[in-house]
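Summary of the model geometry
If you want the building blocks of each chain, they are given just below.
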Amino acid sequence: MKKFLIIQTAYIGDVILATSIVEKLHKALPDSQIDFLLRKGNESLLENHPIINEIIIWNKHNKKYDSLKRITKQVHQHKYDVVINLQRFASSGLITAFSGAKLKIGFAKNPLSFSFNQKFPHKIGDGTHEIERNHQLIKAFTDNTPAMPKLYPSNNDYLTVETYKKEKYVCMAPTSVWFTKQLPKEKWAELINSISDNYQIYLLGSPADAAACDEIKTLGKNNKVVNLAGKLSLLESAALMQTAQMNYVNDSAPLHIASAMNASTTAFFCSTIPAFGFGPLAKNAKTIEVTEKLNCRPCGLHGKIECPEGHFKCGHDITIKKP
């Protein structure tokens, strides 16, 4: 039996996409032990995961470097055979370098990649999806085809959202950490107004998104909108999105939740582009972006807190069509 550690200490979406590695390794090596290291705040995504043996949580916001030292020591004590580092920052490189693992694998962009046994390129912008980039790191153990990412809501998660499934419904996740990744609130209101009265509409998000969702609900004229922002956990949201007639999302975490549940997806791309490799993966999925060629788009890989040009045409000029 081999002992694997997967490291992904970035954001929610990155952790979700990293579950593709978990699925593929387990299929190829079902008797292996797979542990996962992530940042504090994202651990609920992997609760009761049937494949992952242990979740190691790094609290990056409380005495970051003391915590890093403790985590590095903890990893070393586990005596892993293989450490697979999906992060490209020095902190995760240190954990990998001092892990004591027999085989250390990661991306060449990591500043500590000189200490890895195997390193691979991480090219963004050529249309390669992130799950394909990640899959390079485990090809030697599996094959050439990446697995789909997957989340595992519990029976309680499904029971919690059952009350919202009494009629046909769609889900909308209108917010993002980055302003320029968000379809403008007026466009969300336009979308809400285009939805038939035969459908219930649920707005999803974190507690911090509740006010924005309330504003969008008020802007819309559809009386079948329910704001669930802050009322559902990530896995409860996943359970609800799974059977929605459609999930409308930005280029943000809910997009990847939909992918992991193979849930119908319409993804809006404003300042970012699908060619970066973070598009939807569900069988029934499409992307919508501005049709005009904008010289300023994309303006960055992760979005920005405001439009650098001041007009935000990549958001405001997206056409909302009736479903």
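For clarity, every value in this text was computed on a predicted model and none was experimentally measured.

1. Points about the pattern of salt bridges
- Counting across every chain of the model gives 11 salt bridges.
- Of the charged contacts in the structure, one is a salt bridge between Lys224 and Glu167, with a shortest N-O distance of 2.8 Å. Residue Lys224 is located in the loop between helix H7 (210-219) and strand S9 (225-227), and its partner Glu167 is located in the loop between helix H5 (155-161) and strand S7 (169-173); the two are separated by 57 residues in the primary sequence.
- With its nearest N and O atoms 2.7 Å apart, the salt bridge here joins Arg297 to Glu289.
- Take Glu289: its relative accessible area is 29%, and that puts it in the partly exposed class.
- It is possible to trace a salt-bridge network through shared partners that takes in Lys185, Glu186 and Glu215.

2. Regarding the sheet that holds strand S4 (residues 82-85)
- A sheet is described by the order of its strands in space; here 6 strands give the open sequence S3-S2-S1-S4-S5-S6, paired in parallel fashion. A strand with exactly one partner marks an edge of an open sheet, and here the two such strands are strand S3 (52-58) and strand S6 (118-120). Ignoring strand direction, the axes of neighbouring strands in this sheet form an average angle of 15 degrees.
- Pairing of strand S2 (residues 33-39) with S3 involves 6 bridges; the strand directions are parallel. Within S3, the position partnered with Phe36 by the bridge is Ile55.
- Most of the contacts of helix H1 (residues 12-28) go to S2, to which it runs at about 170 degrees, and overall it touches strand S1 (3-7), S2, S3 and S4.
- The strands that helix H2 (residues 64-78) touches are S1, S2 and S3; relative to S3, the one it contacts most, it runs at about 155 degrees.

Thresholds, definitions, all that
- Every chain is numbered independently, its residues counted from 1 as its sequence is written.
- Local features in this predicted model are restricted to residues of pLDDT 70 or higher, and side-chain atom pairs are both shown and tallied only at a pLDDT of 80 or more, whereas totals for entire chains, interfaces and linings draw on every residue.
- The side-chain numbers reported here are obtained from all heavy atoms of the structure, hydrogens and water having been left aside.
- Whenever Lys or Arg places a side-chain nitrogen within 4 Å of a carboxyl oxygen from Asp or Glu, that contact is recorded as a salt bridge.
- Only runs of H or I of at least four residues qualify as helices and only runs of E of at least two qualify as strands under DSSP, and these elements are numbered from the N terminus.
- A simple rule labels every residue: compare its accessible area, found with a 1.4 Å probe on the protein chains alone, to the largest value its type can have, and call it buried under 20%, exposed over 50%, or partly exposed in between.
- Strands were regarded as paired on the criterion that DSSP finds at least two bridges between them.
- Axis lines are fitted to C-alpha atoms, over the contacting stretch for helices. Their N-to-C directions set the angle, which ranges from 0 to 180 degrees.
- Residue contacts are defined here by distance: any two heavy atoms, one from each residue, within 4.5 Å place the two residues in contact.

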